[in-house]
Amino acid sequence: MLVVDDNATNREVMLAQLTQWGAEVVLADSGEAALQYLTAAIEQDNIPKIAFLDM
């Protein structure tokens, strides 16, 4: 799962909850960082199935 939020506290809360449920989580602090991660993930054929995006 990919979590994109500019607020560090929100990212940490989501990370804690999702990993407690057994999810593999990647955090991004901006849209730009998320796009960089996704570009690399596509090249590695490891695209996250779910993304949580902050407004």
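Below is a summary of the structure that appears in this document. If you're wondering where the values come from, they're calculated on a predicted model, not measured in any experiment.

**Some thoughts on the environment of L35**
Alright, step 1. Positionally, L35 belongs in helix 2 (residues 31-43).
Alright, step 2. On the accessibility criterion, L35 (56% relative accessible area) is exposed.
Alright, step 3. In the structure, L35 is positioned 27 residues away from A8 in sequence and 18 Å away in space, judged by C-alpha atoms.

**Description of the sheet that holds strand 1 (residues 2-4)**
Alright, step 1. If you trace the three strands from one edge of the open sheet to the other, you get 2-1-3, paired in parallel fashion. Sheet topology places strand 2 (26-28) and strand 3 (51-53) at the edges, where each strand pairs with a single neighbour. For this sheet, the mean angle separating the axes of adjacent strands, direction not counted, is 15 degrees.
Alright, step 2. Looking at chain direction, strand 1 and strand 2 are connected through three bridges and run parallel. Bridging from a neighbouring strand, V3 pairs with L27 of strand 2.
Alright, step 3. Here helix 1 (residues 8-20) sits on the sheet and contacts strand 1, strand 2 and strand 3; the angle it forms with strand 2, its principal contact strand, is near 170 degrees.
Alright, step 4. Sitting on the sheet, helix 2 is in contact with strand 1 and strand 2, with an inclination near 160 degrees to strand 1.

Each value, and the rule that gives it
Residues numbered from 1 in each chain as written. Predicted model: local features only at pLDDT ≥ 70, side-chain atom pairs only at ≥ 80, totals over all residues. Heavy atoms only, no water. Helix = DSSP H or I, 4+ residues; strand = E, 2+ residues; numbered from the N terminus. Buried < 20%, exposed > 50% of the residue type's maximum accessible area, 1.4 Å probe, protein only. Pairing = 2+ DSSP bridges. Axes fitted to C-alpha atoms, helices over the stretch in contact; angles between N-to-C directions. Contact = heavy atoms within 4.5 Å.

As far as function goes, none of this settles anything; it's purely spatial.
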